[in-house]
Amino acid sequence: MPDQLFDTRTMLEAVEQMHTPSTFLLNTFFSNQETFDTLTVDVDIVKGGRKLAPFVSPKLAGKVITREGYTSKQFKPAYIKPKMETNAEQLFKRSAGNNPYANETPAERAAKQLGKDLAELNDQITRREEWMAAQVLVTGKSIIQGEGVDLEVDYHMPAEHKVSALTNAWGSTAADPIADLRLWARQVAKTSGRRPTHVVLSGVAQDAFMKSEQVHKLLNTRRVDMGQINPQNLPGGVVYLGFLNDPGLDIYAYNEWFIDPESNELAPMIPDGQIIMGGSGTRNSRLYGAIQDLEAIEQGQVEAARFPKTWKTPDPSARWLMLQSAPLVAMLEPDAFFTAKVV
């Protein structure tokens, strides 16, 4: 039935079951997810602490300790609502002899087409979220620019955790990538109290990293041989390079691209020559603000990561499909990350 097929709950269930494009950064560093029914979301930015509990005589009152180490801010997430004209409804009216799906009912063909249309919109939103994750990890900020929107969310990653250039760029004879990673991991642990677990290299950084003879000597690939890492289970564009016992880091290369809306050309998700260091156990989250749509309000679905919507226009006659989301990829522990331009 056409009306049942385009029901919001039916479409929402379809979206939840879809496979998504590569979300390696989101899944590794922003695995937590939370939805809100408000236009703004609360972000608690956590700072590492090193206080010792004070000694005191058992005959004296306990010492009062002030709560420190985080700042609470409110941000308004970006709003995304791509739409497209869908021809799913036309498949109800097309006769079986005039289409390549002769063994399918009109309802099955329409459901398949609607699923393709929803998947396309969902993929675009998910890819934008992955882009937001990369941007936050590389700059410590989320810059949201588009038609009618221009804002910046600064998570205050420490300046000393962002290296724009190296004296001895990786790939040169004087470079020592392992010493650099050891130094940076120590800096992260000192500032945040967190031990980084992952290093993610861009393709260019990967090439320079693998030129080091020291890397080839010390890079441990036995985690693959022992089955702890299964390369076949890694998402598209991700290559596991190995484990460095010192300083205790899993090394990955991430070759994923997106079409830059300004140049309409492919661009790397992680900028060429850039590396990201961080821990997979941090509190970072994907936060979703309220869906700003009357139908979502009427149906009690303003608190959702995705909200599909469909409607008809009489002239020109068409059915439209739109998927809405209000994501914020939030870096809640900026001290626990490090980024560097190594080439």
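This text follows the structure it describes.
Because the structure is predicted, anything quoted here is derived from the model rather than measured.

Cut-offs applied
- Residues numbered from 1 in each chain as written.
- Predicted model: local features only at pLDDT ≥ 70, side-chain atom pairs only at ≥ 80, totals over all residues.
- Heavy atoms only, no water.
- Salt bridge = Lys/Arg side-chain N within 4 Å of Asp/Glu carboxyl O.
- Helix = DSSP H or I, 4+ residues; strand = E, 2+ residues; numbered from the N terminus.
- Buried < 20%, exposed > 50% of the residue type's maximum accessible area, 1.4 Å probe, protein only.
- Core = buried A, V, L, I, M, F, W, Y, C linked by side-chain atoms within 4.5 Å.
- Patch = residues over 30% accessible without salt bridge, like charges linked within 9 Å, V, L, I, M, F, W, Y side chains within 5 Å.
- Areas by Shrake-Rupley, 256 points an atom, 1.4 Å probe, with all protein chains shown as cover.
- Polar contact = N/O pair within 3.5 Å; in protein donor to acceptor, adjacent residues only side chain to side chain.
- Contact = heavy atoms within 4.5 Å.
- 1 Å grid on protein atoms, 1.4 Å probe; cavity = no way out; pocket = protein on both sides within 12 Å on 5 of 7 lines; lining within 4 Å.
- Points joined across faces, edges and corners; volume = space filled by probe spheres on them.
- Lys, Arg positive; Asp, Glu negative; His and termini not counted.
- Charge placed at Lys NZ, Arg CZ, Asp CG, Glu CD.
- Phe/Tyr/Trp six-rings, centres within 6.5 Å; stacked < 30°, edge-to-face > 60°.
- Lys NZ or Arg CZ within 6 Å of the ring centre and 35° of its normal.
- Expected span 1.5 Å × (residues − 1).
- Pairing = 2+ DSSP bridges.
- Axes fitted to C-alpha atoms, helices over the stretch in contact; angles between N-to-C directions.

1. Looking at the pattern of salt bridges
With the rule as written, the count across this model stands at 6 salt bridges. For Glu333, the salt bridge goes to Arg194, with nearest N and O atoms at 3.1 Å. Within this pair, whereas Glu333 is found in the loop between β18 (327–330) and β19 (338–341), its partner Arg194 is found in the loop between α6 (177–192) and β8 (198–201), the two being separated by 139 residues in sequence. A salt bridge links Lys309 to Asp293; the nearest nitrogen and oxygen atoms lie 2.9 Å apart. With Lys309 in strand β16 (residues 307–314) and Asp293 in the loop between β15 (285–288) and α10 (294–298), this residue pair connects regions lying 16 residues apart in the sequence. Note on Lys309: relative accessible area 18%, which makes it buried. Judged by relative accessible area, which is 7%, Asp293 ranks as buried. Among the charged side chains, a network of salt bridges with common partners joins Arg194, Arg283 and Glu333.

2. Remarks on the nonpolar core
The biggest cluster of nonpolar side chains holds 38 residues, and the ones touching the most others in it are Leu25, Val43 and Tyr155. Within the residue set of this core, elements represented by two or more residues are α3 (24–29), β2 (41–46), α5 (106–139), β10 (238–244), β11 (249–254) and β18. It is α5 that provides the largest number of residues to this core, a total of 6 residues. Membership of the second largest hydrophobic core comes to 25 residues, among which are Ala185, Leu219, Ala340 and Val342.

3. Quick look at a nonpolar patch on the surface
There is a patch of nonpolar side chains on the surface, built from Trp257, Ile259 and Leu266 and spanning about 350 Å² of accessible area. Tracing the chain through its elements places Leu266 in strand β13 (residues 266–268).

4. Focus on the side chain of Thr28
With respect to the element layout, Thr28 can be found in helix α3. Here the side chain of Thr28 touches Phe24 through a polar contact of 2.6 Å, landing on its backbone oxygen. Those residues in contact with Thr28 that sit more than four places away from it in its chain are His198 and Ser280.

5. Section: the layout of surface pockets
Taken as a whole, the largest pocket holds about 1,000 Å³ of empty space. Taken together, 28 residues make up the lining of the largest pocket; nearest its centre are Ile80, Arg128, Gln145, Gly146 and Pro261. Looking at the lining of the largest pocket, the elements with two or more residues in it are α5, β5 (141–146), β6 (149–154) and β12 (257–259). At 7 residues, the largest contribution of residues to the lining of the largest pocket is made by α5.

6. So, the environment of Ala133
Within the secondary structure layout, Ala133 lies in helix α5. Here Ala133 falls in the buried class, since its relative accessible area comes to 0%. The sequence separation of Ala133 and Met269 amounts to 136 residues, and the corresponding C-alpha distance is 9.4 Å. Excluding anything up to four places from it in sequence, Ala133 contacts Leu25, Leu26, Phe30 and Val329.

7. Comments concerning a negative patch on the surface
Residues Glu34, Asp37, Asp42, Asp44 and Glu303 make up a contiguous surface patch of negative charge. Residue position: Asp42 is located in strand β2.

8. Points about the packing of aromatic side chains
Counting across every chain of the model gives 8 aromatic pairs. Between the aromatic rings of Trp184 and Phe338, the centroid separation amounts to 5.1 Å while the plane-to-plane angle is 20°, which identifies the pairing as stacked. With a gap of 154 residues between them, Trp184 in helix α6 and Phe338 in strand β19 connect regions that are remote in the sequence. You can call Trp184 buried: its relative accessible area is 5%. Of the residues examined, Phe338 reaches a relative accessible area of 2% and is grouped as buried. Here the aromatic residues Phe24, Tyr240, Tyr252 and Tyr254 are joined through ring pairs into a cluster of three or more. Between the NZ or CZ atom of Arg128 and the centre of the ring of Trp131, over which it lies, the distance is 4.7 Å. In this structure, Lys309 is placed above the aromatic ring of Trp311, and the distance from its NZ or CZ to the ring centre is 5.8 Å.

9. Quick word on α5
An ideal rise of 1.5 Å per residue puts 50 Å on 34 residues; α5 measures up with 49 Å between its terminal C-alpha atoms. Following α5 by one or two positions, Gly140 adopts a phi angle in the positive range, close to 80°.

10. Observations regarding the sheet that holds strand β4 (residues 83–86)
The strands making up a sheet are joined through hydrogen bonds of the backbone, oriented either antiparallel or parallel. The strand order across the open sheet formed by 3 strands is β4-β17-β16, and the pairing between neighbours is antiparallel. The outermost strands of the open sheet, each flanked by one partner alone, are β4 and β16. Between one strand axis and the next, the sheet turns by 25° as a mean value, whatever way the strands run. Where α5 meets the sheet, its contacts fall on β4, β16 and β17 (317–324), and the angle it forms with β17 comes to roughly 40°.

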